[in-house]
Amino acid sequence: MSELPVLISRDEVMRFLQNGDLIPRLEAVLGKFSERNNAEVIQPLRTTIPLQKYNGFLGIMPAYVAHEDILATKMVSFYQRDKDSVLPAHQATVLLFDPERGNVTAVMDGTVITEKRTAAVSAISAKLLMPASAEVLCILGSGPQAVSHYEVFTEMFSFREIRVWSRRRERAEQFASALQGPVTVYSSVKDAVVGADVIITVTMATEPVLLGEWVKPGAHVAAVGACRPNWRELDDALMREAVVYVDSREGAAAESGDIILSGASVFAELGEVINGTKPAEREKTTVFKSLGMGIQDAVSAKLVFDQWKSQQLRTNTKDP
Ligand SMILES: NC(=O)C1=CN([C@@H]2O[C@H](COP(=O)(O)OP(=O)(O)OC[C@H]3O[C@@H](n4cnc5c(N)ncnc54)[C@H](O)[C@@H]3O)[C@@H](O)[C@H]2O)C=CC1
Ligand SMILES: O=C(O)C1=NCCCC1
């Protein structure tokens, strides 16, 4: 009989998942994924169950990563909540398996994993694609993804000015006052975006909020929301003018309304840029369309589990 899985809480995931450890692992797995070698990485398209009655979805995201021998599945629910709802929009759990024996070794909070790995991948896109002298960062949205993006972007880069816009100004103000550094709150998307070198869209919008006519030529956009085939965050002008990068071509073709409905063509996956098989067109306007991948959750979960095991070992060796 196999051992029971360990349970790893939200607070533990928060403590064990550090960007400095996470980012190189994400870069490595994105590169492996783009090699399209089924013996190395297996990641079927996300299965999504719509819950029409509740304006929600359940996504199931299995993945196997051979070079680290990681087998994992994330289950993530996401909802379009009413403006006044206090319920979270996203909640997730990750199951980590022993790939040899087939048993579940850990059940862990996947909500923090989703927040941190998504932001870390956007930061990788910015590292590769933003203009060399980026000074102004603009964040559209003020939910948990806005927070995790702020954290990793300020940890990795140094911006002269950081701006935020949110549908409700008071939410943007709450976001700004909860953070460590200075953030300027804007009431209009256009004013927030004009002149920005890097723009992060982390909204639940289903219609475009960011228009190409406002975007500075050469800017980098990390487009994180609009993860359904009929949802939009960016308009046709931006999608058609920019050089478009994605995390997964298959994911983008199946799930990104911004790509499907604009008819924009995908230039490259981030993994192809990491592998050096496609160029980083830094001097052009670039869009990184993020949909999220099971392999990102898998490497994050393994990192958390390894850190958890090390901590257990330290605690046990201290005990007499
Ligand atoms: N690409 C990826 O890997 C992932 C993408 N996401 C997506 O990122 C986005 C942000 O996630 P969270 O911060 O967790 O969501 P959230 O729902 O907590 O926050 C979303 C923000 O968008 C705003 N918003 C909602 N409806 C809007 C509308 N119609 N127009 C403009 N703004 C609107 C809200 O006021 C809030 O500021 C969501 O679209 C989510 O599905 C989330 C996880 C992973
Ligand atoms: O990758 C994920 O996790 C998600 N992507 C799209 C929206 C829900 C969560």
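From a predicted model like this one, the values you see are computed outputs, not experimental measurements.

Digging into the overall build of the protein chain
Check the secondary structure of the protein chain and you find eleven helices and 15 strands. A compact globule built from 320 residues would reach a C-alpha radius of gyration of about 20 Å, and the protein chain, at 19 Å, matches this within 12%. With respect to the three principal axes, the spread of C-alpha positions in the protein chain is 60 × 45 × 40 Å. A total of 320 residues make up the protein chain; the buried ones form 53% of that total. Within the protein chain, contacts between residues separated by at least 24 positions form 67% of all contacts whose residues are at least 6 apart in sequence. When the accessible surface of the protein chain is totalled, it reaches about 14500 Å², and 52% of it is carbon and sulfur.

Digging into the site of ligand 2
All residues adjacent to ligand 2 are Arg46, Met61, Lys74, Val76, Phe78, His90, Thr114, Arg117, Cys227, Leu291 and Gly292. Within the side chain of Lys74, one N or O atom sits 2.5 Å away from an oxygen atom of ligand 2. A distance of 3.1 Å separates a nitrogen atom of ligand 2 from a polar backbone atom of Leu291. Burial of ligand 2 by the surrounding chains reaches 92%, relative to a free accessible area of 260 Å². For the shell around ligand 2, the elements supplying multiple residues, two or more each, are strand S5 (70–79) and helix H3 (111–129).

Topic: the pairing of strand S12 (residues 220–223)
Residues of S12 alternate between two faces, with His220 and Ala222 on one and Val221 and Ala223 on the opposite face, all of them buried. Sheet analysis places strand S11 (residues 198–201) next to S12, joined by four bridges and oriented parallel. Paired with Thr201 across the strands is Ala223, a residue of S12. With four bridges joining them, S12 and strand S15 (residues 286–289) adopt parallel strand pairing. By the bridge assignment, Val221 is partnered in S15 with Val287.

Observations concerning the nonpolar core
Counting 67 residues, the largest nonpolar core has Met108, Ile139, Phe153 and Phe159 as the members making the most contacts within it. It is H3 that contributes the most residues to this core, ten residues altogether. Split by domain, the residues of this core number at least three in each of domain 1 (6–113 + 295–310) and domain 2 (118–293). Apart from the residues lying within four places of it in its own chain, the contact partners of Phe159 are Met130, Ala134, Glu135, Val136, Leu137, Phe153 and Val198.

Describing the sheet that holds S11
Within the open sheet, the eight strands sit side by side as S10-S9-S8-S11-S12-S15-S13-S14. Their pairing is parallel. Whereas interior strands pair on both sides, the edge strands pair on one side only; in this sheet they are strand S10 (184–186) and strand S14 (266–269). Neighbour-to-neighbour, the strand axes of the sheet open up by a mean angle of 20°, direction not taken into account. Pairing between strand S13 (residues 243–246) and S14: three bridges, direction parallel.

The rules behind the values
- Residues numbered from 1 in each chain as written.
- Chains lettered and ligands numbered in written order.
- Predicted model: local features only at pLDDT ≥ 70, side-chain atom pairs only at ≥ 80, totals over all residues.
- Heavy atoms only, no water.
- Helix = DSSP H or I, 4+ residues; strand = E, 2+ residues; numbered from the N terminus.
- Rg over C-alpha atoms; globule rule 2.2 N^0.38 Å.
- Buried < 20%, exposed > 50% of the residue type's maximum accessible area, 1.4 Å probe, protein only.
- Contact = heavy atoms within 4.5 Å.
- Areas by Shrake-Rupley, 256 points an atom, 1.4 Å probe, with all protein chains shown as cover.
- Near = heavy atom within 4 Å.
- Polar contact = N/O pair within 3.5 Å; in protein donor to acceptor, adjacent residues only side chain to side chain.
- Pairing = 2+ DSSP bridges.
- Core = buried A, V, L, I, M, F, W, Y, C linked by side-chain atoms within 4.5 Å.
- Domains from an automatic or database assignment.
- Axes fitted to C-alpha atoms, helices over the stretch in contact; angles between N-to-C directions.

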